[in-house]
Amino acid sequence: MRAKSQVSQGREMSAEQRIAAYCAQCRSRCGCTAFVEDGRLKTIEPLPEHPTGKAICPKGRASGELVNHPDRLTTPLRRISPKGETPARWEPVGWDDALDEIAARMGAIRDAHGPEQIAFSVTTPSGTHISDSIAWIERFIRAYGSPNTIYSTEICNWHKDHAAQFTYGHGIGTPDFAHTDCALIWGHNPATTWLARSGEIREARGRGMKTVVVEPRRTLYAKRADVWLRLRPGTDQALALGLIHLLLESRTFDAGFVHRWTNAACLVGAGGQLKRDGDELRRADDLFAEGTVLSELRKLTAEWSPERTEAVTGVPRERLHDAVRVLSESDSVAYYCWNGVGQSVSATQTDRAISILYSLLGHYGSDGGNVPGAAVRFNDISGRDLVTDEQRAKTLGLADRPLGPGREGWVTARDVYRAILDGEPYPVRMLVSFGGNLLSAQPDTALAREALSRLDFHVHADFFLNDSAQFADIILPAATSWEREGLHTGFDVSLAGLNHVQLRQAVVTPLGESRSDTDIVLGLSQRLGMGAQMFGCDRDAGWRHVLAPSGVSLDDLRANPAGMTAAGNAPVRAYERDGFPTPSGLIEIWSETLAAHGQDPLPVVRTVREATDARFPLRLGCAKTVAYCHSQGRNIPALRGLTPDPVLEMAPETASPRGIDTGDWVEVMTERGSFAARAKLVEDHMPGAVFAQHGWIGDHAGLTTNMNTVISTDASDPVSGSIPLRCSFCEIRPIDEGRDT
């Protein structure tokens, strides 16, 4: 679809325009038509010819309310009240003055103490408008020299995209749901988090695709699954090992693929390393010969008989057999997992167990399976090459987690808080935040408040003045994605979508003096003398570099606002030519990399997560709602109408003995404190488990509604630093509405 007219920043628009675009508010990146009247965005609707354009979620339809919200930040602000004064007092300041002051602070700290003593916080590109600017922001941070960015990837995408590399050498890849015979959906609810992906699955089911769904909650796809494995939260690794056990014992795995393309036939030597003759791995003809990787895996999974797996996970053994039968009998299987398995203290080895299970089925990289890599080549401008080894070695937490997100400069919030408060291993003096709300999106809320109040200087760019921004010294008003151009290369909802490239134009002019995150970092780069590393601080020059290998020009994209199809093919079965990008060139069921760093080379369950305090017998998890992304959207009337209060889902069997009914306000108690939520009774929900929603700020009956205030981070994943957001322990009780507030 061609737009009737293009819009550039600062230019007024005529009435009643329909402009082809895509929505950048979440991972789905839905193709859409933006409806603009008299220069104001009204709403967006589907763009059916776009790879992701068949439907629009409530958040997308409410875009007009967001852009035109009366509480939007419209001018830079400087704090004029002391830290800790509530509410903070501010004075307007011009952009030049604001950027000059920020750059002066950054330059002084860099020169006197080193760039590592400034940390950055960047909100998620999977659930916010920042996706169009993330590469520019990361390039700016790396060019400046800081190895410390709070990115929250350890509780988001890191395991599927990076921990999976311990097995495949690639991330999880793009599932070819359009052509597969079976989908394995594990800890992922696309109906609420990825609308375009949900549409792909729905269409595939319509042509007969089977589904195996691993999920404690009665989600849309759990209800419709051919096999629903309703497990207890926190037991995903045990379940994966139990399924591997059945697959090995029944000999229904793909033995040909496993022997040729994995290290299953390799012989295990001393110290966690595999045996070699020179540089060649020693391999057995019989996969199950004594001492092979597969024989070691078989020994490990023998501990996870159907009986024990059922006892730990709550999944009936009959369902385990059903799942293995469907998976092994399908000619092709594609899978996806996300937060449900990535937010636990064993998230890395859980992802390993699932990746090994999938590897045994023999579909990774093949038609109808998960295909890694891009269909079209683009240049990456995120600046990974700009960080020196010396600076990378200074990354907070990297010494403790050398294989984790710190390798990319992505650090945990609690590592930054400790550096601010204790000065270890060195002080963090300044924080620059691009969106996000650490006080609601992360646990350790009290620690965060103390740390934010102790910073020498704090900058926050956002649409609204949220709770975390209240601690800043300078606030910068960020433009929404609808108010700026944005480039997206490859829509990975499907293999076909990987060829689609789009430059979304600004559909309205920025509100007030708001600016894009890209313009903010380019303005700072210019002042800090970093122009040479930032494409001369020329956005178009950077984009042209991104597009250079693709055969698509920036001018062509501007002339085709609905996007273009670039030439290229998804790299199906590329491993037959190139092998896998692991140290061995094979899929690594046994990870020598993990073993060399003191981690288990096979995904051993070190601790079965169970309640250890009788006061807190229930498992506490969290789940997302279609109305909101993280802490955003609760000030949007159309969205608040869908979910007006925080919800706590539970089974009737859990609620009834406690005198709780749907709609009741309940107190959720953990060892760290309490929060309030409204009960929602759900039939077929896993008994003994309750699921809250994160991202709420406020209180009810004297209790906070922010669940993250009560989540302990004392235990974390030893590789990634992930924390138990999906499996803590609690008790619940009705709230006495007559209590003092």
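Let me begin by describing the structure that accompanies this report. (Residues numbered from 1 in each chain as written. Predicted model: local features only at pLDDT ≥ 70, side-chain atom pairs only at ≥ 80, totals over all residues. Heavy atoms only, no water.)

### Observations regarding the packing of aromatic side chains
Link 1 in the chain: In this structure the tally under the stated criterion is 19 aromatic pairs.
Link 2 in the chain: Centroid distance Trp261 to Tyr575: 5.0 Å. Interplanar angle 75°. Geometry classified as edge-to-face. Here Tyr575 lies in helix α24 (residues 575-578) and Trp261 lies in helix α11 (residues 255-261), a separation of 314 residues in the sequence. Residue Trp261 shares its accessibility class with Tyr575, and that shared class is buried.
Link 3 in the chain: Centroid distance Tyr575 to Phe580: 5.1 Å. Interplanar angle 10°. Geometry classified as stacked. (Phe/Tyr/Trp six-rings, centres within 6.5 Å; stacked < 30°, edge-to-face > 60°. Helix = DSSP H or I, 4+ residues; strand = E, 2+ residues; numbered from the N terminus. Buried < 20%, exposed > 50% of the residue type's maximum accessible area, 1.4 Å probe, protein only.)

### Examining the sheet that holds strand β14 (residues 333-337)
Across a sheet, paired strands are connected by hydrogen bonds in the backbone, their directions being either parallel or antiparallel.
Link 1 in the chain: On the basis of which strands lie adjacent, the open sheet formed by 4 strands has the order β11-β10-β9-β14 and parallel pairing. Each edge of the sheet is formed by a strand with only one pairing partner; in this case those strands are β11 (227-229) and β14. Across the sheet, the mean angle from the axis of one strand to that of its neighbour is 10°, orientation sign disregarded.
Link 2 in the chain: When strand β9 (residues 182-186) meets strand β10 (residues 210-214), the two strands line up parallel, connected through 5 bridges. When the bridges of β10 are listed, Ile185 appears paired with Val213. (Pairing = 2+ DSSP bridges. Axes fitted to C-alpha atoms, helices over the stretch in contact; angles between N-to-C directions.)

### Quick word on unusual backbone geometry
Link 1 in the chain: Put simply, Thr86 and Pro87 share a cis peptide bond, and its omega is -5°.
Link 2 in the chain: Cis geometry is adopted by the peptide bond preceding Pro425, which originates at Glu424 and carries an omega value of -5°.
Link 3 in the chain: Structurally, Pro425 can be placed in the loop between α18 (413-422) and β17 (430-434).
Link 4 in the chain: With a phi angle near 50°, Asp38 is a residue other than glycine that sits in the positive phi range.
Link 5 in the chain: Relative to the elements of secondary structure, Asp38 occurs in the loop between β2 (31-37) and β3 (40-46).
Link 6 in the chain: Although it is not a glycine, Phe535 sits at a positive phi angle of roughly 55°.
Link 7 in the chain: Note that Phe535 resides in the loop between α21 (517-527) and α22 (539-547).

### Considerations on the side chain of Thr654
Link 1 in the chain: You can see Thr654 is positioned in helix α27 (residues 652-655).
Link 2 in the chain: Of the polar contacts made by the side chain of Thr654, one reaches the backbone nitrogen of Gly688; its length is 3.0 Å. (Polar contact = N/O pair within 3.5 Å; in protein donor to acceptor, adjacent residues only side chain to side chain.)

### Considerations on the state of the cysteines
Link 1 in the chain: A full pass over the atoms with the stated rule returns 0 disulfides.
Link 2 in the chain: You can see Cys32 has no disulfide; the closest cysteine sulfur is in Cys23, sitting 6.0 Å from it. (Disulfide = S-S within 2.5 Å.)

### Here's the deal with the pattern of salt bridges
Link 1 in the chain: By the definition in use, this model includes 47 salt bridges.
Link 2 in the chain: Across the pair Arg298 and Glu249 runs a salt bridge whose closest N-O atoms are separated by 2.8 Å. Taken as a pair, Arg298 in helix α12 (residues 293-302) and Glu249 in helix α10 (residues 236-249) lie far apart in primary sequence, 49 residues in all.
Link 3 in the chain: On the basis of relative accessibility, which here comes to 29%, the residue Arg298 falls in the partly exposed class. (Salt bridge = Lys/Arg side-chain N within 4 Å of Asp/Glu carboxyl O.)

### Let's talk about the sheet that holds strand β16 (residues 410-411)
Link 1 in the chain: Pairing is mixed across the open sheet formed by 8 strands, whose spatial order is β5-β4-β19-β18-β17-β6-β7-β16. A strand with exactly one partner marks an edge of an open sheet, and here the two such strands are β5 (90-92) and β16.
Link 2 in the chain: Strand contacts of α21: β17, β18 (457-462) and β19 (474-477), with the helix running at about 145° to β17, the strand carrying the most contacts. (Contact = heavy atoms within 4.5 Å.)

### Points about helix α3 (residues 95-112)
For the α-helix, the turn length of 3.6 residues means that residues three or four positions removed from each other point alike.
Link 1 in the chain: The end-to-end C-alpha separation of α3 is 26 Å, in line with the 26 Å expected for 18 residues at 1.5 Å each.
Link 2 in the chain: Buried-residue contacts for α3 involve β6 (118-122), α4 (134-144), β17, β18, β19 and α21.
Link 3 in the chain: Downstream of α3 by a residue or two, Gly114 has a phi angle that is positive, lying close to 110°. (Expected span 1.5 Å × (residues − 1).)

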